[in-house]
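Observations on the three-dimensional arrangement
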Amino acid sequence: MKPYWIKTNNFIKKIFSNYIWDIPNVENKIYLTFDDGPTPEITKWVLEELKKHQVKATFFCIGKNINNHAAIFLKTIEEGHSIGNHTYNHLKGWNTPTEDYLYNIALCESEILNLQPKISNLKSKIFRPPYGKIKNSQSKKLQQLGYKIIMWDILSADFDQTITPEKCLENVLQNVESGSIIVFHDSVKAFKNLEYTLPRSLEILKQRGFTFEVIQ
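Read on for a plain summary of the structure. These numbers come from a predicted model, not from an experiment. Counting restarts for each chain: residues are numbered from 1 in the order of the written sequence. In keeping with the model being predicted, local features are shown solely for residues with a pLDDT of at least 70 and side-chain atom pairs are shown and tallied solely at 80 or more, while totals for entire chains, interfaces and linings include all residues. Water and hydrogen atoms play no part in the side-chain values, which are based on all heavy atoms of the structure.

**Notes on the overall build of the protein chain**
- Elements are defined by DSSP. Helices are runs of H or I of four residues or more, strands are runs of E of two residues or more, and each kind is numbered from the N terminus. A tally of helices and strands in the protein chain yields 8 helices and 8 strands.
- In this treatment the radius of gyration is a C-alpha quantity, and the globule benchmark scales as 2.2 Å times the residue count to the 0.38 power. Against the compact-globule benchmark of 17 Å for 216 residues, the protein chain has a radius of gyration of 16 Å, which places it among compact chains.
- Overall size of the protein chain, expressed as C-alpha extent along the three principal axes, is 45 × 40 × 35 Å.
- Counting only residues that meet the buried cut, the protein chain has 53% of its 216 residues in that class.
- Should any heavy atoms of two residues lie within 4.5 Å, those residues are counted as being in contact. Expressed as a percentage of contacts within the protein chain between residues at least 6 apart in sequence, the contacts between residues at least 24 apart total 76%.
- Per-residue and other accessible areas were derived by the Shrake-Rupley procedure at a 1.4 Å probe size, with only the shown protein chains allowed to occlude residues. Surface summary for the protein chain: the accessible area is close to 10400 Å², and the carbon and sulfur share equals 52%.
- Looking at the protein chain, you have 27 positive and 23 negative side-chain charges, and the mean spots of the two groups are 4 Å apart. Each residue gets one of three labels from its accessible area relative to the maximum for its type: buried under 20%, exposed over 50%, partly exposed in between, using a 1.4 Å probe on protein chains only. Here the positive residues are Lys and Arg and the negative ones are Asp and Glu; neither His nor the chain ends is included. Charge positions come from single atoms, namely NZ of Lys, CZ of Arg, CG of Asp or CD of Glu.

Here's what the structure looks like:
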């Protein structure tokens, strides 16, 4: 058995109801999200694919990558996508003292805010914990700081190098419903699956009548 769910169990959503797992609606709106960028070439490729299909998405960025690839980060925002905090160093909350975890998130926020004078439409009070692992003490503090904690309804599993690109596409298409938050990764590790799955997902989901919204 793989150590992750493709479709988040409703029982988990109820237990952790203070996190956002999906955004229910009756308008067939869904929410594409990308974790771990910005990554040279790969994030640019994602932006090109989204532009081809006139789709907006939400990018949960690592602070270190924002620092190293500021131009790509700015391009993401300039093209109308939403930005979320994903820690500075991709920390796993379960293995990190709360004070250190919050400091790392603050470092990522600083990277975002340092670029804010160049951007007029940036809002960033959404956070996704790397690996989905976060302590209750950490989430409480973040929510007190005004953050919404965004999890997911569907994990494409593009990061899993043991699955085929076809299986990755199936993970998305067989589980999507109105309100779904879907996770992809704009990372080197995921690109083999992402390169196959993203264009096909965009085309088929649009044919099915879904529309795409950002998370803010």
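Having seen the structure, we can now continue with the description.
**Notes on the side chain of threonine 33**
- With respect to the helices, strands and loops of the structure, threonine 33 is situated in strand E1 (residues 29-35).
- Judged by its relative accessible area of 0%, threonine 33 is buried.
- Under the rule applied, a polar contact is a pair of N or O atoms within 3.5 Å (in protein, one hydrogen donor and one hydrogen acceptor; residues adjacent in sequence only if both atoms are side-chain atoms). Within the structure, the side chain of threonine 33 is placed 2.8 Å from the backbone oxygen of isoleucine 182, a separation counted as a polar contact.

**What about the packing of aromatic side chains?**
- Any pair of Phe, Tyr and Trp rings, taking the six-membered ring for Trp, is counted once the centres come within 6.5 Å. Such a pair is stacked with planes under 30 degrees apart, edge-to-face with planes over 60 apart, and tilted for the rest. All chains considered together, the criterion is met by 8 aromatic pairs.
- Pairing phenylalanine 16 with tyrosine 19 gives two aromatic rings, centres 5.8 Å apart and planes at 5°, and the pair type is stacked.
- Looking at phenylalanine 16, the relative accessible area reads 37%, which means it is partly exposed.
- Taking relative accessible area as the criterion, tyrosine 19 reaches 7% and is therefore assigned buried.
- Between phenylalanine 127 and tyrosine 147 the ring centres are 6.4 Å apart and the planes differ by 75°, which places this aromatic pair in the edge-to-face class. One end of the pair, phenylalanine 127, is in strand E4 (residues 126-127); the other, tyrosine 147, is in the loop between helix H6 (136-144) and strand E5 (148-149), and 20 residues separate them in sequence.
- Take tyrosine 147: its relative accessible area is 4%, and that puts it in the buried class.
- Across the ring face of tyrosine 131, the terminal group of lysine 92 is positioned such that the distance to the ring centre comes to 4.8 Å.
- Any Lys NZ or Arg CZ found within 6 Å of a ring centre and within 35 degrees of that ring's normal is scored as a charge over the ring. Here arginine 200 stacks its cationic end above the ring of tyrosine 196, 3.8 Å away from the centre of that ring.

**Observations concerning a nonpolar patch on the surface**
- Patches here are clusters of residues that have more than 30% relative accessible area and form no salt bridge, with a 9 Å joining cutoff for like charges and a 5 Å cutoff for nonpolar side chains (Val, Leu, Ile, Met, Phe, Trp, Tyr). Criterion for a salt bridge: a side-chain nitrogen of Lys or Arg within 4 Å of a carboxyl oxygen of Asp or Glu. Together, Phe11, Ile15 and Phe16 make up an exposed nonpolar region whose accessible area comes to about 310 Å².
- Here phenylalanine 11 is to be found in helix H1 (residues 10-15).

**Description of the environment of glutamate 213**
- Residue placement: glutamate 213 occurs in the segment after strand E8 (211-212).
- Accessibility expressed as a relative area gives 32% for glutamate 213, which makes it partly exposed.
- The spacing of glutamate 213 and isoleucine 30 is 183 residues in sequence and 6.2 Å in space, taken between C-alpha atoms.
- The contact partners of glutamate 213, leaving out residues within four places of it in the chain, are Lys29, Ile30, Tyr31, Leu32 and Lys56.

**Things to note about H6**
- Buried residues of H6: Gln138, Ser139 and Leu142, and no others. Projected down its long axis, H6 shows its buried positions confined to an angular sector of 95°, all on one face.
- Check the buried side of H6 and you find it contacts helix H5 (98-115), E4 and E5.
- Glycine 146, located one to two residues past H6, shows a positive phi value of around 95°. As used here, the arc is the angular range of directions from the helix axis to the C-beta atoms.

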